[in-house]
Amino acid sequence: MGRAEERRARQRGGRRAAPPNRSEQVREAVAPSTADAGADSTAGAGRAAARRAAKGRGKRGGAAKNAGKGRIRRLFTWKKVLGTILGVCLLGIGAFVVMYMMIQIPEGNAAAKLQSNIYKYSDGSILTRKGEINREEVDLSEVPKQVQKTFVAAENKTFYNDSGVDLKGTARGLLNTVSGKGAQGGSTITQQYVKNYYLTQQQTVTRKFKELVISLKLDREKSKDYILAGYINTSYYGRGAYGIQAAAQAYYNVDAKDLNVQQGAYLAALLQAPSQYDWAVATDTGKKLVKARWNYVLDNMVEQGWLDKSERAGLTFPTPKDPKAAPGMEGQTGYLVNLANAQLEKQIMKEQNLTQSEAAAKVENQGWTITLNIDKKKQAELEKSVKSQLTSKLDRKKRKVDADVQAGAVSVDPKTGKVLALYGGIDYVKHFTDNATRTDYQPASTFKPVILAAALDQGAKTQDGKDINSNTIYDGTSKRPVVGSDIGFAPENEDDHDYGDITVQTAMNQSVNSVFAQMGVDVGMDNVLKTAGDLGMDTEGLKAVPAQTLGSMGASPLEMAGVYATLDNHGKKVTPSILKSVDHKDQVVDLPDPIGGQVVSKVAADTVTSVLTGVVDDGTARTSVRDNPKRDGQQVAGKTGTSDNNKSAWFTGYTPGLVTSVGLFGESAKNHSQVAMYGAGGLPRVNGGGYPAQIWATYMFDAIGKVTKFDLDTKEGAAVQKSNSPTMSDTPSHTPSKTASSKPPESKSPDATTSSPAKGDEETSKPPVTSSPPASPSNTASGEDGGEEDEGDLFGE
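Residues numbered from 1 in each chain as written. Predicted model: local features only at pLDDT ≥ 70, side-chain atom pairs only at ≥ 80, totals over all residues. Heavy atoms only, no water.

With respect to the packing of aromatic side chains
Within this structure, the stated rule accounts for 20 aromatic pairs. Centroid distance Tyr-441 to Phe-665: 4.9 Å. Interplanar angle 35 degrees. Geometry classified as tilted. Taken together, the residues span a long stretch of sequence, with Tyr-441 in the loop between strand 7 (419-423) and helix 19 (448-457) and Phe-665 in strand 15 (residues 658-666) at a distance of 224 residues. An identical accessibility class is assigned to Tyr-441 and Phe-665; each is buried. Between Trp-696 and Phe-701 the ring centres are 5.9 Å apart and the planes differ by 85 degrees, which places this aromatic pair in the edge-to-face class. Of the two residues, Trp-696 and Phe-701, both sit in the buried class. (Phe/Tyr/Trp six-rings, centres within 6.5 Å; stacked < 30°, edge-to-face > 60°. Helix = DSSP H or I, 4+ residues; strand = E, 2+ residues; numbered from the N terminus. Buried < 20%, exposed > 50% of the residue type's maximum accessible area, 1.4 Å probe, protein only.)

A short note on helix 10 (residues 224-234)
Of all 11 residues that make up helix 10, nine are buried, and the element is covered over most of its length. Those residues of helix 10 not exposed but buried are Lys-224, Ile-227, Leu-228, Ala-229, Gly-230, Tyr-231, Ile-232, Asn-233 and Thr-234.

Considering the sheet that holds strand 15
A sheet is described by the order of its strands in space; here five strands give the open sequence 7-6-15-14-13, paired in antiparallel fashion. The open sheet has two edge strands, strand 7 and strand 13 (637-643), and neither has a second partner. Averaged over all pairs of adjacent strands, the angle between strand axes in this sheet comes to 5 degrees, irrespective of strand direction. In this sheet, strand 7 lies alongside strand 6 (residues 405-412) in antiparallel orientation, the contact comprising four bridges. Among the inter-strand pairings, Val-412 is bridged to a residue of strand 7, identified as Val-419. Sitting on the sheet, helix 18 (residues 376-389) touches strand 6, strand 7 and strand 15, and the angle it makes with strand 7 is about 30 degrees. (Pairing = 2+ DSSP bridges. Axes fitted to C-alpha atoms, helices over the stretch in contact; angles between N-to-C directions. Contact = heavy atoms within 4.5 Å.)

Things to note about the pairing of strand 2 (residues 126-130)
Summarising the sheet, strand 1 (residues 117-120) and strand 2 pair through four bridges and their orientation is antiparallel. Paired with Tyr-119 across the bridge in strand 2 is Thr-128. Once strand 1 ends, the chain turns through five residues before running back antiparallel as strand 2, passing Gly-124 with a positive phi of about 95 degrees.

Here's the deal with the side chain of Ser-648
Mapped onto the elements of the fold, Ser-648 is located in strand 14 (residues 648-655). Of note is the side chain of Ser-648, whose polar atom sits 3.4 Å from the side chain of Trp-650. Sequence-distant contacts of Ser-648, that is, excluding residues within four places in its chain, are made with Tyr-441, Gln-442, Gly-641, Thr-642, Ser-643, Leu-664, Phe-665 and Met-677. (Polar contact = N/O pair within 3.5 Å; in protein donor to acceptor, adjacent residues only side chain to side chain.)

Some words on the pattern of salt bridges
Taken as a whole, this structure holds 22 salt bridges when the rule is applied. The salt bridge involving Lys-479 is made with Asp-496; its shortest N-O contact spans 3.4 Å. Placement of the pair is Lys-479 in the loop between strand 8 (473-475) and strand 9 (501-503) and Asp-496 in the loop between strand 8 and strand 9, with a sequence separation of 17 residues. We classify Asp-496 as partly exposed; its relative accessible area is 32%. Each of Asp-162, Asp-219 and Lys-224 takes part in a single network of salt bridges with overlapping partners. (Salt bridge = Lys/Arg side-chain N within 4 Å of Asp/Glu carboxyl O.)

See below:
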C-alpha cells in the first residue's frame, strides 16, 4: 500500500496506519476482522473528534493564559522596573535637595523651652513648683581632653570623621517611626545635639528629616569642637543638671575643668539613662548597668587610642557624692515629686517608645501640671505617726545605732490603686534615697502570704498528696530539711523554736520558717515566683530556690503595698499610682488604670486575707495592733517580717478600704551600707511587731474613719468563725516531711538535733494573750513579737 492509500485508510477508519517501514505481513497478521474494524473505526472516530475538541479548547485556554502572562511581562519588564526605581530615587533626591535648600539652622532655644512643673495635691492645692534651671555653659577648652573623649567614646566613636549623620541609623529610625515602633534607631552626637538644642523629642517623620538636614548643614558649617561643646553643654544628666558644668557639681562637687577621666566616663554613661543610672537612687540592676556602661566607655577609649591600656587598668569606679536637694523639695515633697516624675516618664516611654533619657527630658522642667493622688490629710497623719512612734524615740547622741534607722511607708486605696500617703525618709534634703520606693532590702516574712496565695490559687498539695489550706498540718520543727527539693534547705525558726505539728494558720500567726519553706517546695518555687510576679513583685532574674521562701529578694514598701492591695482587692491586680492627672499644652499622656485583671482567684485571695487576720489577733502583731486602744473593733489583716540579721523590719497590713506597708531599714549613716538595727531605740532587736506595727496602727486607726468588716468568699482562716477547731489527732498531711524531721541535717553537729519539743515546751512557747495596750515600745519589740524570726542567721549577705 502506498502512502496515499495509507492516508485514505486513516481517514476512513480513523485508525493510524502502520508505519511505512512495517512489512505487509505484519500488518495483515495484526489487522482485525472486517466487522471488528468497522466497529473500532466508529469508536475511534468519536475518540478522535473528542481529542480534537479538547485540544482546541486547550489551545484557546492556553492562548488566553499566554496572552495574560504576556501583558504582565510587558508591564513589568526589567527596564520598566529599573526605570521606576530610578524615578523614585530621583524624586526622593529632588525632594531632599528642596528640603536642604529650604530648611535653615534655627536659633537654639533649649533654655527658653524649659518651664517650671507644678505639682498639686489631690484636692488641687499646690504642693510645689519645680523648674529652676541648673545650667552653666563652659568652653570646650575648659574641659580636659580625655573627658571630652569619654563622650565621643560613649556615643559616637566615628564622630571626628563622619558627616554628622548616621544614614543607616536614620533610615532605621524613619522606618520605626512610620511603623509606629518609636525611637529605636541610632544617631550621632551631631544629631543628638540638633534634637536637644534645635528641635524637640517628637517622633515624627518631619522632625527626623529636619534633624537629618540640620545635622548635615551644621557639620559643614561648624567645627567638630563647636558641636561637641554644644552637646555636652545642653544634655540632661539627671539631678536637675543641664550641661557638664552643672553635672560635675551635682555628682562630684567639682568644676568641669577638674573632672578626671573616670568621672567623665561616668557622666558620659549617665546620658543613656540619667534617672536609672544615678548612683544615689539606682537599684542593684541599675548600678550593674551603669558600671558596665562606664567600662564600655573606657574600653572604647583604649580601642581608639585615646587612653593608655596600662592607665585604663588602674582606673576604679568613681562613686558619685550624695545629691543636694533643690529648693522647695524639703521634707516629703522631694520624695513625692520624684515618684510622680518616675511614673510619668515610665508611661511616656511605653506610649512613645522613647529611651529613659528621652522621656526624662520630656518631663523635667517642661511645663507640666501634675496632680497627685496624695491626700493632704492622710499624708500629714502618716508623717505624724512616724514621728510619734519612731523618730521622737531615737537618740543619735545616746546610741549611735539610732542614726542608722531609716523608715519608709506607703498607703494605698485597694479599690482604686491610688497612693494616698507616702513617707520617704526623715527629709529629702537630708536623705535623698526614697525609703518608700527603694528595693534593696529584704521583705522577709511579709513574703509568706504570697506562698500561701500560690498554694491556694493553684490547688497545690503536700508531699503526701493532701490539699494545702489553712487547716493543713505541717511539721514546724526548726532546722527540718525540706523534702522534695533537689537543693538542700533546713531553715531555723526564730530562737530555734520547735513547734511540732501545727496548722498553716498557726504557722502564719507565729511566722514559722520551716513550714513555709516546705510549703514553697510543695507548691513549686517556680509557681511561687510566678504568683509573686503576678501580684506585683519584681521577680525578674530571681532563682527559684527554697531560700526565697524567707523573703530573701529585694522589695520596697510601695511594691509590698501593691501586693497586699491585690489580696485586699479579692485578687484583682493593683498597681499603686501616685498620678491623678497630668496636663501639658503640647503633650497628651493617657494614664493607665491602676486596677488590672484577676491574677489570683477571689477565693484564694480572700482565704489569705482571712488567715492574715490571725496574725493580728493571735500572732506577732497582736500587741501593737490588736490591743491598740484606737482599734475600736476594726477588722485587720497583716503580716510582720524581720530580715537578715535585723537589717530590716516590716509590717504590711490592711483593712477593707486601706492598705499600708511600713518598713524600717538599717542603713549606715556614714557610708549608706546595710547594717543591723540591734539596740536601736534601746531595744534588743527591732521586730516587725514593734516600731513598724506601731507606726501602722497609729496612722491607720486615725485614717480609716468608720469601722469596716471584710466581705470574704472563703470558709477558711482566722476570720471565719468555726463550730469546732480542727482535730490534731488526724494523720498529719506531711508524712514524708515528718520522717525527715526526725533526723538532724547532715551538715549539722549531733547537738543540733531537731526532734519535736516536749509538751511543756509547746505550752510555754506560745505567747500569752493580753488585752492591755503596750506601755512603751520596749514591751513590744523585745519579746512580744511572738514567733517573729531573725533570718539573718540563715543566709547572710
